[in-house]
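Chains, contacts and geometry: an overview
One letter stands for each residue in the lines below.
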Amino acid sequence: MADRNLDIGYVFEKTFSIIGQRFSELALLSLIFVGIPNIILAWLSAQWLEQAVSSGSAFAAFSPGFLIMNFLVGLLPLLLQAAVVHTTVETMSNRPSDVASSMSVAFGVFLPLILLSIILSVAYGIGLMLLVVPGLILMTLWAVAVPAFVAERTGIIGALSRSFELTEGQRWRIFALMVLAFIAMMIAGLIIGMLSFGAMAGSQSYESFASFSLWSALLNAILAMAAGVVGAVGVSVLYVHLRDLKEGTSLESIGDVFR
């Protein structure tokens with residue numbers, strides 16, 4: 001069992017299978033934690049732009065709400081990630097799940113998850129600055145730290161060591177999976193960018209430009225929602241698959257922590 005290799009095709013197939021099974025639940029979670037905050041931020045940005053143009057000063061148009069929403073837009077995807085880990089693990093364990101239970105799990109781990117995310121971001125950032133390769137190595141080693149943290153209640157240090165343990169022997173395949181996911185996201189981002197550029201080309205006045213900004217923000221919010229769900233489901237599937245490969249853990253027992 002320990003000699004089996006990570007099946008990249010299985011991870012992709014299972015990811016989109018789960019999204020299809022729980023589409024309404026996942027869509028609602030992404031709308032709550034990513035879509036609505038991004039749309040509100042876009043509206044505040046349009047208001048700020050209008051006031052900045054009319055007053056001639058960007059500082060005069062500044063509002064605390066704009067700053068708060070930027071802060072929330074950075075943090076709330078963590079709640080989405082934790083909620084989706086719960087939904088995915090429960091789905092793979094053949095157990096029922098709903099939006100309320102997933103949100104409850106997410107809020108229960110939110111504060112320590114912020115700290116874990118800060119540690120990961122700082123480590124990745126430093127690693128990428130050191131000729132890129134160390135950052136990519138850390139991303140591979142800690143690829144499943146978040147689902148391990150949520151699903152096993154390991155604590156922050158425990159989540160890092162757990163991910164290190166689970167990825168052992170499979171890291172080149174995990175890296176290949178990350179590269180494929182990155183390419184897919186780049187293609188999706190390019191398509192959204194082309195649509196936004198086409199809309200911008202027709203903006204001849206401030207009003208049309210503001211309208212473009214809102215439509216562009218809406219497209220970006222949809223992309224962020226999709227990326228958040230696909231990414232979180234994918235890394236959760238990877239985590240469960242690695243536990244199966246490494247330990248032979250039954251799917252039914254993985255979600256026991258949520259009981």
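Our subject in this report is the structure included herewith. (Residues numbered from 1 in each chain as written. Predicted model: local features only at pLDDT ≥ 70, side-chain atom pairs only at ≥ 80, totals over all residues. Heavy atoms only, no water.)

1. Concerning unusual backbone geometry
Its identity is not glycine, yet N94 carries a phi of approximately 60 degrees, on the positive side. Within the element layout of this structure, N94 appears in the loop between α3 (64-92) and α4 (99-108). Overall, N94 belongs to the exposed group, its relative accessible area being 62%. Of note in the backbone geometry, R153 takes a positive phi value of approximately 55 degrees without being a glycine. Topologically, R153 is positioned in the loop between α7 (145-152) and α8 (156-167). (Helix = DSSP H or I, 4+ residues; strand = E, 2+ residues; numbered from the N terminus. Buried < 20%, exposed > 50% of the residue type's maximum accessible area, 1.4 Å probe, protein only.)

2. Considerations on the packing of aromatic side chains
Inspection of every chain in the model, using the stated rule, returns 3 aromatic pairs. Where Y124 meets W142, the ring centres are 6.5 Å apart and the plane angle is 40 degrees; that geometry is what we call tilted. You can see Y124 sitting in helix α5 (residues 110-129) and its partner W142 sitting in the loop between α6 (133-141) and α7, a full 18 residues away along the chain. With a centroid separation of 6.3 Å and an interplanar angle of 85 degrees, the aromatic rings of W172 and F175 are classed as edge-to-face. One end of the pair is W172 and the other is F175, both in helix α9 (residues 171-201) and 3 residues apart, which spans about a single turn. (Phe/Tyr/Trp six-rings, centres within 6.5 Å; stacked < 30°, edge-to-face > 60°.)

3. A closer look at the packing of α3 against α7
The N-to-C vectors of α3 and α7 enclose an angle of 70 degrees; their axes lie 10 Å apart at closest approach. Here α3 is positioned roughly perpendicular relative to α7, judged by the angle of their axes. By crossing handedness, the relation of α3 to α7 is classed as right-handed. Taking contact as the criterion, the partners of Q81, A82, V85 and V89 in α3 are, on α7, V146, P147, V150 and A151. (Axes fitted to C-alpha atoms, helices over the stretch in contact; angles between N-to-C directions. Parallel < 35°, antiparallel > 145°, perpendicular 65-115°, else oblique. Left-handed = near helix turned anticlockwise from the far one by under 90°. Contact = heavy atoms within 4.5 Å.)

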